[in-house]
Amino acid sequence: MSQDPMHGPEPAKGHRSFAVDSLATRRRREIVAVLLFSGSPLFESSIPLSVFGVDRQDSGVPRYRLLACAGEDGPLRTTGGLELRAPYGLGALSRAGTSIVPAWRSITGPPPTPALAALRRAHSEGARVVGLSTGAFALGAAGLLDGRLATTHWMYAPTLAKRFPSVHVDPRELFVDDGSILTSAGTSAGIDLCLHIVRVDHGPEAAQALARRLVLPARRPPAAEAAQGPQRHLDRSLPEDIGADPLAEVVAWALEHLHEQFDVETLAARAYMSRRTFDRRFRSLTGSAPLQWLITQRVLQAQRLLEVSDYSVDEVAGRCGFRSPVALRGHFRRQLGSSPAAYRASYRARQQQQQAAAAVGQPPTRTKAPVDVYPPRLPQQRARPPQ
């Protein structure tokens, strides 16, 4: 079969052939297709290319075969105006046991229809499909996240939940492995997920060897998971595509001052913009209205304090910038479907169960949150105590 350097070998049309059925049962996960799009940030795109595209067998790292695929017609323009030319096209996904979307350029615009069809077909034929950071939006548009637990960069999680309401979005996971579908949070979490894939495929020693070669921790977070259950941390790094935007500094300031009482007008003033202009710019960058984003961040902070501190609900409200405990209770219930006191009681009961299981030698089990949340189904988390 001939191969087009941009589009790879195209599948035969018509009825499924015996060859296609055989390929579906013989897909090797060590063959990794990375789907690249124009406008995607270079850093995220380079993560799977570096992890799976470099031969490090001399360091004890099993070799993967990398297929860099163009998700649309090239040349592909990326960060800094650089142009990429991928050696394969969408047809190469038919040969891969692992297909990765390292990023998608827009959290509001749909990916090309042929790319979505190729992802759906790859998954239906047994491939593992991975979305790093905003790549989760491409998987969501393909319908691959429906009814599943997934994550993305915390700043875009409310938008992912709103656009794909059947997806259980968890903005506080570094990555989520939901069987054949895997997603990660921000930039550094994409590296964590790639290491996890190596660990699943070849064991912890291979993952540790790769981490040593990349001068990275083999696994985040470290520490006493057996006694405390899995620890999860909110990735507060800013998305690469807004890092150079004037609003990035305002967003960072807001996250550092959630304990203070300020509103959207305060943020607009810090950005030297009118409220209307600020709302429009903020929504275009994050896909979320600034007021809703701010309330979500305050509720997340309250959730963490309820988990790791003994502050009363009134004290938690004050430390999260709510003007009154009544305001905290209202927003908390609307987003998590539970009162702050009930959430704390349920969380501590689950922690006691995990500790009891660990004491008798049983591995801690992952349990579902007791309520649906916005973004859907936030997990149990043990964060650092407030400084």
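Residues numbered from 1 in each chain as written. Predicted model: local features only at pLDDT ≥ 70, side-chain atom pairs only at ≥ 80, totals over all residues. Heavy atoms only, no water.

As named in an unreviewed UniProt entry, the protein chain is Helix-turn-helix domain-containing protein, taken from Streptomyces spiramenti.

K.L.:
Explanation requested: the sheet that holds strand E1 (residues 31–36) in the structure shown.
P.N.:
For sheets, the rule is that strands pair by backbone hydrogen bonds, running either parallel or antiparallel. With mixed pairing, six strands are arranged side by side in an open sheet as E2-E1-E5-E6-E10-E9. Of all the strands in the sheet, the pair left with one neighbour each is strand E2 (65–70) and strand E9 (175–178). In this sheet, neighbouring strand axes are inclined to one another by 15° on average, regardless of whether the strands run parallel or antiparallel. Here E1 pairs with E2 via six bridges, running parallel. Paired with valine 34 across the bridge in E2 is alanine 68. Along the sheet, helix H2 (residues 42–53) contacts E1, E2 and strand E5 (98–101); its crossing angle with E2, the most-contacted strand, is approximately 155°. Most of the contacts of helix H6 (residues 187–202) go to strand E10 (residues 181–184), to which it runs at about 145°, and overall it touches strand E6 (128–131), E9 and E10. (Pairing = 2+ DSSP bridges. Helix = DSSP H or I, 4+ residues; strand = E, 2+ residues; numbered from the N terminus. Axes fitted to C-alpha atoms, helices over the stretch in contact; angles between N-to-C directions. Contact = heavy atoms within 4.5 Å.)

K.L.:
Please explain the pattern of salt bridges as it appears in this structure.
P.N.:
Pairing is possible between side chains that carry opposite charge, provided their charged atoms lie close to one another. For the coordinates displayed, the defined rule picks out twelve salt bridges. Note that glutamate 83 and arginine 77 form a salt bridge whose closest N and O atoms lie 3.1 Å from each other. Residue arginine 275 is joined to glutamate 265 by a salt bridge in which the shortest nitrogen-to-oxygen separation is 2.4 Å. With arginine 275 in helix H11 (residues 275–286) and glutamate 265 in helix H10 (residues 264–270), this residue pair connects regions lying ten residues apart in the sequence. Through salt bridges with shared partners, one network takes in Arg27, Arg121 and Glu125. (Salt bridge = Lys/Arg side-chain N within 4 Å of Asp/Glu carboxyl O.)

K.L.:
Sorry, what's going on with the packing of H2 against H6 here?
P.N.:
Packed helices, taken two at a time, are described by the angle their axes make and the gap between the axes. With their axes 10 Å apart at the nearest point, H2 and H6 run at an angle of 20° to one another. With respect to each other, H2 and H6 are oriented roughly parallel. The way H2 lies across H6 gives a crossing that is right-handed. Where H2 approaches H6, its residues Phe43, Glu44, Ile47, Pro48, Val51 and Phe52 are matched on the opposing element by Thr187, Gly190, Ile191, Cys194, Ile197 and Val198. Considered class by class, the residues forming the contact of H2 with H6 number nine nonpolar, two polar and one charged. (Parallel < 35°, antiparallel > 145°, perpendicular 65-115°, else oblique. Left-handed = near helix turned anticlockwise from the far one by under 90°. Nonpolar A, V, L, I, M, F, W, Y, C, P; charged D, E, K, R; others polar.)

K.L.:
Looking at this model, I keep getting lost on the nonpolar core. Mind explaining?
P.N.:
Buried together is how nonpolar side chains tend to be arranged in soluble globular proteins. Within the largest apolar cluster, 55 residues are counted, with the highest numbers of intra-cluster contacts made by Leu35, Cys69, Phe278 and Trp293. Of the residues forming this core, the biggest block, six residues, is contributed by helix H9 (residues 246–256). Once residues within four sequence positions are removed from consideration, phenylalanine 278 is found in contact with Leu247, Val250, Val264, Leu267, Ala268, Ala271, Met273 and Pro290. Ala86, Leu132, Ala206 and Ala211 belong to the second largest nonpolar core, which has 31 residues in total. (Core = buried A, V, L, I, M, F, W, Y, C linked by side-chain atoms within 4.5 Å. Buried < 20%, exposed > 50% of the residue type's maximum accessible area, 1.4 Å probe, protein only.)

K.L.:
Explain the packing of aromatic side chains here, please?
P.N.:
Counted according to the given criterion, the structure contains seven aromatic pairs. Ring geometry for phenylalanine 52 against tyrosine 64: centres 4.8 Å apart, planes inclined by 70°, an arrangement best described as edge-to-face. Of this pair, phenylalanine 52 sits in helix H2 while tyrosine 64 sits in the loop between H2 and E2; the two residues are twelve residues apart in sequence, bridging distant segments of the chain. Using a relative accessible area of 1% as the deciding quantity, one classes phenylalanine 52 as buried. Here a set of aromatic residues connected by ring pairs shows up, and it is made of Phe278, Phe282 and Trp293. (Phe/Tyr/Trp six-rings, centres within 6.5 Å; stacked < 30°, edge-to-face > 60°.)

K.L.:
Please clarify how the side chain of threonine 78 should be interpreted in this entry.
P.N.:
Position of threonine 78 among the secondary structure elements: in the loop between strand E3 (76–77) and strand E4 (83–84). Judged by relative accessible area, which is 10%, threonine 78 ranks as buried.

K.L.:
How should I be thinking about the confidence of the model for the protein chain in this particular structure?
P.N.:
For any part of a model where pLDDT is low, the fine detail of the predicted coordinates should not be relied upon. Here the protein chain shows a mean pLDDT of 78. Residues at 70 or above account for 78%. Low pLDDT, under 50, characterises residues 1–24; the predicted model gives this stretch 40 contacts beyond four residues in sequence or across chains. The low-confidence segment residues 222–237, where pLDDT is below 50, has 45 contacts with residues more than four positions distant or belonging to other chains. (pLDDT = per-residue confidence, 0-100.)

K.L.:
So what exactly am I meant to see when it comes to the pairing of E6 here?
P.N.:
Each regular strand shows side chains that alternate between the opposite faces of the sheet. In E6, alternate side chains face the same way, and those of Arg128 and Val130 on one face and Val129 and Gly131 on the other are all buried. With four bridges joining them, E5 and E6 adopt parallel strand pairing. Opposite threonine 98, over in E6, you have arginine 128 as the bridge partner. At this point the chain moves from E5, through helix H3 (residues 113–124), to the parallel E6, and the crossover so formed is right-handed. (Right-handed = clockwise from strand over helix to strand, strands pointing away.)

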